[in-house]
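# Overview (structure and organization)
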Amino acid sequence: MKTPAAIFVESGKPLVVDDIDLPDPGPTQVLVRHFATGVCHSQLHELHRPNPLVPLVLGHESTGVVSATGKDVTHVKEGDNVMVTWVQRNANRTTPRPTPAHVTFNGEQINYGAPAFTGTFTWARDTVADQQMIVPLEKGVPTDVTSIIGCAVMTGAGAALNAAQVRPGNSVAIIGAGGVGLSVIQACANLSADPVIVVDLTDEKLEFAKKFGGTIGINARNEDPVEKVRQLMGGEPTSGVDFAFDAIGSGRTMEQILHMARARRPGERDGGVAVLVGVPHGETPTLPMQMLFGGKVYRGAPGGCSIPDNDFPLLVRWFKQGKLPLDLMVTRRYKLEQINEACDALAKGEIAGRAIVEF
Ligand SMILES: [Zn+2]
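## Concerning the overall build of the protein
Assigned secondary structure in the protein consists of 10 helices and 19 strands. The C-alpha radius of gyration of the protein comes to 20 Å, within 12% of the 21 Å expected for a compact globule of 359 residues. On the principal axes, the C-alpha backbone points of the protein span a range of 65 × 40 × 35 Å. A burial count over the protein gives 51% of its 359 residues as buried. Sequence-distant contacts in the protein: of pairs separated by 6 or more residues, those separated by 24 or more amount to 73%.

Spelled out as structure tokens, the structure:
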């Protein structure tokens, strides 16, 4: 079938909205008609560097309704609402790799998926994905703002829930208050962390973060966030937070979280933990080995170390209980034809929270 998609044809050029051809779903695949998809910051990294995989279709978080399934798909059926993600929903060591679909544009095979190894694309009215990337969404739950669970919320909330395993009373700091950062902040607040320190570059974003449970804001344009965190947490050279999250992934912020994490206390195995949540880009940070030797921990959290089958029902429950205000987090809505506008606004830092594309 033909479906309109935003196609990345050349690095630095606007995306082209045109029809691509989708195959019938294979035995383990699901055809989904989209309600909405999120516009993720990691896609800008994809768009702005030379990419040998073009032409590509991007997007990796969405909601939709199942329009057809392959014969081996058992966990969803036609008419079910679903969330699409880029992390396998219940993978273990023996789970087969997801099977990619043969998608074409003007008769030629087209690549998709960023991160490329997963095989999900959502910047199209319809998608075909392996059943491992499809998570059921109960009927009656809004299908617009839940489209950002599949990447932003999973990654941010998962970093607090799974990678850090934040406990009541833990002190935390989060750099970056976009869609992912706000999800870290809200999950830390739900897990009773205190304080929840937020670092960003504008007072508006810091103020906005308070609606998600941020308790203290630090504007890194006006003061050194590492010094400020240390000062807030006791003022000693060893002071810092139990968990420092980087939701940006720049060389600078990747270093800052290690400095913000507190030193190991006598008798402890681990000192403070620096959790890398954002996609690393730009310069490679210099990590002072002395700090790691001294007991600090540096932990990567790809996709928030999430297991979608376990985590998504919890995230949807939080949303329904008002503990995860996705309606607030989604601040802009676009049509597929406006995808370049959405990407430009995101690149300029104009989007608080997350933007979505609605179909
Ligand atoms: Zn993403």
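Alright, that's what it looks like, and here's the rest.
## Examining the sheet that holds strand S16 (residues 273–276)
If you trace the six strands from one edge of the open sheet to the other, you get S14-S13-S12-S15-S16-S17, paired in parallel fashion. Every other strand in the sheet has two partners, leaving strand S14 (216–219) and strand S17 (297–300) as the edge strands with one partner each. Taken over all neighbouring pairs, the strand axes of this sheet differ in orientation by 20° on average, direction set aside. Summarising the sheet, S16 and S17 pair through four bridges and their orientation is parallel. The residue bridging Val-275 from the neighbouring strand is Arg-299, located in S17.

## Quick word on the nonpolar core
If you look at the biggest cluster of nonpolar residues, it comprises 110 residues, and the most contacted ones within it are Val-57, Val-172, Val-184, Ile-185, Cys-188, Phe-245 and Val-275. In terms of residue count, helix H2 (residues 149–164) provides more of this core than any other element does, 11 residues in total. Mapped onto the domain boundaries, this core takes at least three residues apiece from domain 1 (2–143 + 325–358) and domain 2 (152–304). Discounting chain neighbours no more than four positions away, the residues touching Phe-245 are Ala-159, Val-172, Ile-174, Ile-175, Val-184, Ile-257, Val-275 and Val-277.

## A word on unusual backbone geometry
For residues other than glycine, phi is negative in most cases, and the peptide bonds are mostly trans. Here the bond from Val-54 into Pro-55 is cis, since omega is -5°, no more than 30 degrees from zero. Tracing the backbone through its elements, the reader meets Pro-55 in the loop between helix H1 (41–47) and strand S4 (56–57). Positive phi is not limited to glycine here, since Ser-192 has a value of about 65°. Tracing the chain through its elements places Ser-192 in the loop between helix H3 (179–190) and strand S13 (196–200). At Cys-305, a residue that is not glycine, the phi angle is positive and equals roughly 50°.

## Overview of the domain arrangement of the protein
Annotation of the protein at the domain level lists domain 1 (2–143 + 325–358) and domain 2 (152–304). For domain 1 and domain 2, the distance between their C-alpha centroids amounts to 29 Å. Of the residues lining the interface, 14 residues belong to domain 1; the matching set on domain 2 comes to 11 residues. Going through the elements one at a time, H1 and helix H9 (326–329) are the ones with two or more residues in the side of domain 1 that touches domain 2. When grouped by side-chain class, the residues that make up the side of domain 1 that touches domain 2 number six nonpolar, six polar and two charged.

## Some details on the packing of helix H5 (residues 225–232) against helix H6 (residues 251–260)
The interhelical angle for the contact between H5 and H6, taken along N-to-C directions, is 20°, at an axis separation of 9 Å. Between H5 and H6, the angle falls in the class roughly parallel. Crossing handedness for the pair H5 and H6: right-handed. Facing Pro-225, Val-226 and Val-229 of H5, the residues of H6 in contact are Gln-256, His-259 and Met-260. Grouping the amino acids of the contact of H5 with H6 by side-chain chemistry returns four nonpolar, two polar and no charged.

Rules used in this analysis
- Per chain, residue numbering runs from 1 following the sequence as it is written.
- Whole-chain, interface and lining totals are the exception, using all residues; otherwise, since this is a predicted model, local features are given only for residues with pLDDT of at least 70 and side-chain atom pairs are given and counted only at 80 or more.
- Strands here mean DSSP runs of E at least two residues long; helices mean DSSP runs of H or I at least four residues long; both are numbered from the N terminus.
- C-alpha atoms define the radius of gyration, and 2.2 Å times the number of residues to the power 0.38 defines the globule rule.
- Between the buried cut of 20 or more and the exposed cut of 12 or fewer other C-beta atoms within 10 Å of a residue's own C-beta lies the partly exposed class, and all C-beta atoms are placed from the backbone.
- We call two residues in contact if the C-beta atoms placed from their backbones are at most 7 Å apart.
- Strand pairing is assigned whenever DSSP detects at least two bridges linking the two strands.
- What counts as an axis is a line fitted to C-alpha atoms, over the stretch in contact for a helix, and the angles between N-to-C directions run from 0 to 180 degrees.
- Linking buried Ala, Val, Leu, Ile, Met, Phe, Trp, Tyr and Cys residues through C-beta atoms within 7 Å yields a set, and such a set is a nonpolar core.
- Segment limits for the domains were obtained from an automatic or database-derived domain assignment.
- In this count, Pro and Cys sit with the nonpolar residues alongside Ala, Val, Leu, Ile, Met, Phe, Trp and Tyr, while Asp, Glu, Lys and Arg are called charged and the others, Gly among them, polar.
- In these notes the angle categories are as follows: under 35 degrees is roughly parallel, over 145 is roughly antiparallel, 65 to 115 is roughly perpendicular, and the rest is oblique.
- Note on convention: the crossing is left-handed when the near helix lies turned anticlockwise from the far helix by less than a right angle, right-handed when the turn is clockwise.

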